[in-house]
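The residues making up each chain are set out below.
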Amino acid sequence: MSSVFDRDQVRAWGPWLIWVILFALVSAVVPRDASFDVAHYHLHNGWSALNGRLKQDLAPAEMHSFLNPTYNLVVWWLIERLPGPAVAAILGALQALIVPVLYFLGRSLFRLSNVENAERAALVCAFVGFVCVPVLATMASLRNDTLGALAFCAALMLLLRDEGKSASLKRFAMAAFIVGLAAGMKLTNVVYVPGLAVFVLVARPGFGPRIRGVLVSAAGGLIGMALMGGWWMALLYEAFANPVFPLLNTVFDAPLGSDSVSRDVRYLPSNFLEAVAWPALAAFDLSLINEDDGRDLRLAAFYVGALALPALALVSARHRAHVPRAVLAVSLACVAFVLFWVLQFSIMRYAMAAFLLGPMLLVLAWQISPLRKYVAPAGKPALYGMALIFIFTMKSESVRRIPWSSAGEGYLSVERPEQFSYEGAGVIMAGPFPVAFTATAFSDAAWITHGDVQPWSRPFLENYRPEIRSRISSSSVDLFAVICVQDETGETAEKLANGLTDINTAGQTLARLAGEYPVTGNAENCAPLETSFDTDSTHWVVCPLTRTVPAQAN
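Residues numbered from 1 in each chain as written. Predicted model: local features only at pLDDT ≥ 70, side-chain atom pairs only at ≥ 80, totals over all residues. Heavy atoms only, no water.

**Describing unusual backbone geometry**
The condition that has to hold: What counts as a helix is a DSSP run of H or I of at least four residues, what counts as a strand is a run of E of at least two, and both are numbered from the N terminus.
Cis geometry is adopted by the peptide bond preceding Pro-246, which originates at Phe-245 and carries an omega value of -5°. Tracing the chain through its elements places Pro-246 in the loop between α12 (207–240) and α13 (249–252). Not every positive phi belongs to a glycine, and Glu-62 is a case in point at roughly 55°.

In structure tokens:
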């Protein structure tokens with residue numbers, strides 16, 4: 001029985017350290033990611049978990065306050081101790097690991113499939129897959145969807161052997177453990193679990209070996225999930241009777257959870273035919289699976305390749321040609337993963353592995369297909385032509401980034417206006433635009449909560465908000481709202497000129513907040529915060545509030 005990591009494989013990673021270091025250095029100078037999710041919950045959740053505020057606050061980042069903060073906790077620990085560019089470099093180094101993982105995975109697949117120049121083909125496919133829209137959008141980012149894709153690709157890499165032998169049970173346990181860690185870190189990474197399960201069933205021939213593979217993999221996956229997310233699930237179950245509160249509450253029926261909605265369904269296809277074609281359609285219009293538009297044909301290549309490989313394997317078998325079992329297992333694993341993703345989420349960043357693996361699966365399908373007679377899939381013209389097509393047809397999404405002012409600058413800074421006293425106060429993170437990152441500056445507040453959230457997420461905590469109203473009414477502490485506002489200048493003026501209305505003023509948010517909670521406020525009394533996420537047209541303000549009903553005695 002072989003070890004999980006062979007010495008030759010470990011030594012082969014040596015040269016890749018240079019790539020990882022170089023990408024980390026580049027990541028350090030890329031402007032910091034200040035996108036919606038980062039400002040909305042990634043920063044808040046790490047700070048909140050490290051300071052034990054789950055029971056003190058009332059969901060400052062709305063439903064996202066309850067996502068597993070393990071990863072965010074580590075990142076916030078780094079943010080408190082290192083300059084922002086150094087934090088970005090560390091996260092960039094993790095992201096850079098995708099390329100060598102794709103290379104070794106592709107090299108094994110291409111060698112098993114007798115692809116000529118397997119090393120060159122694997123190298124090209126690795127880099128072409130890496131420069132996809134979702135990876136570029138999350139470069140040097142606090143967002144963690146990259147890690148789920150990395151875990152799935154690393155699991156497949158670990159289970160493939162160049163010589164075609166079945167992987168040992170140790171490798172199956174380790175691969176499932178890695179995917180389990182990813183699923184425990186972020187529940188949406190569960191999309192990769194069906195893929196790994198299908199790989200186990202296809203890759204191990206015979207009933208007995210399959211059963212042993214399934215049991216070992218299930219054990220490894222559950223251990224990984226428990227280590228990364230078990231403590232948080234237990235905490236949520238104790239507090240809310242739902243280990244993934246407020247998600248999946250139609251299953252757990254927690255009293256404070258939703259009665260009707262269990263996940264984000266904004267991007268799901270509307271019927272069966274759409275679902276079947278969804279990955280191919282979305283490749284040409286990423287707005288089908290993303291808040292921003294864009295285009296990336298790697299997703300279509302992944303889907304076509306994953307579906308074509310099993311069909312081509314059947315045709316090849318009729319002509320007594322052999323397609324390695326491991327190659328077929330990878331393709332069917334990819335089919336299972338992407339179909340589960342389409343039916344459950346259909347959100348682009350949750351399926352990042354599909355973009356990464358697209359070029360590789362396309363080359364494999366081409367190798368097995370009759371097209372190989374005319375053009376060698378690993379020949380320079382075909383490989384470089386494919387690379388150019390993917391790169392020049394790609395349309396990236398726009399990501400809100402804020403440049404560094406110096407190499408020693410912290411990732412986040414928030415300075416409160418001094419004319420108010422916040423100690424022992426109640427603070428409401430208000431409005432449909434991200435605000436919760438500013439909670440990090442209100443550690444002396446008695447409690448922090450949310451109000452006036454985006455319409456799509458409002459149902460998740462509809463039964464929870466009476467707790468907030470009760471907290472407001474049952475205390476006499478001073479109240480404040482923190483609001484993200486856009487001035488009608490610069491980028492927002494252009495939006496207005498184009499007929500777009502996705503801007504926000506303090507007055508608008510205060511009016512909506514008054515309809516939700518027993519509070520009122522005047523925009524003229526608001527004072528600006530100074531944050532490292534400010535731009536010429538976007539900033540954050542603090543607004544004092546007054547109760548519209550008398551506060552109850554404490």
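This is not the end of the story, as more comes after the structure.
**Re the pairing of strand β10 (residues 538–547)**
Spelled out, the test is: Relative accessibility under 20% of the residue-type maximum defines a buried residue, over 50% an exposed one, and the middle range a partly exposed one, all with a 1.4 Å probe and only protein chains included. DSSP calls a pair of strands paired once it identifies at least 2 bridges connecting them.
The element β10 is extensively covered by neighbouring structure, given that 7 of its 10 residues are classed as buried. Sheet topology places strand β6 (residues 479–486) next to β10; 8 bridges connect them, and they run antiparallel. In the strand pairing of β10, Val-482 is matched with Val-542. Note that strand β7 (residues 519–520) and β10 share 2 bridges and pair antiparallel. Bridging across to β10, Val-519 finds its partner in Arg-547. Of the strand pairs in this sheet, strand β8 (residues 527–528) and β10 are connected by 2 bridges, and their pairing is antiparallel. For Pro-528, the partnering residue across the bridge sits in β10 and is Val-541.

**As for α12**
To keep things clear, this is the line we draw: Multiplying 1.5 Å by the helix residue count minus one yields the expected span of that helix. Each residue is assigned a bend, namely the angle between axes fitted to the seven residues that terminate at it and the seven residues that start at it. Contacts are residue-level and defined by heavy atoms, with any inter-residue pair within 4.5 Å sufficient.
Compared with the 50 Å implied by 1.5 Å per residue over 34 residues, the 42 Å span of α12 between its first and last C-alpha is markedly short. Along α12, the sharpest kink reaches roughly 65°, centred on Gly-229. What α12 keeps buried is the set Gly-213, Ser-217, Gly-220, Gly-221, Gly-224, Gly-229, Trp-232, Leu-236 and Phe-240. Buried residues in α12 make contact with α10 (169–185) and α11 (192–203). Positioned one or two residues after α12, Ala-241 has a phi angle of 65°, which is positive.

**Some thoughts on the pairing of strand β4 (residues 426–430)**
Each regular strand carries side chains that alternate between the two faces of the sheet. With respect to burial, β4 is a largely interior element, 5 of its 5 residues being buried. Both faces of β4 are covered, namely the face carrying Gly-426, Ile-428 and Ala-430 and the face carrying Val-427 and Met-429. As paired elements, β4 and strand β5 (residues 447–451) share 5 bridges and run parallel to each other. Opposite Ile-428, over in β5, you have Thr-449 as the bridge partner. Pairing geometry for β4 and β6, over 5 bridges, is parallel. Directly across from Ile-428, in β6, lies its bridge partner Ala-481.

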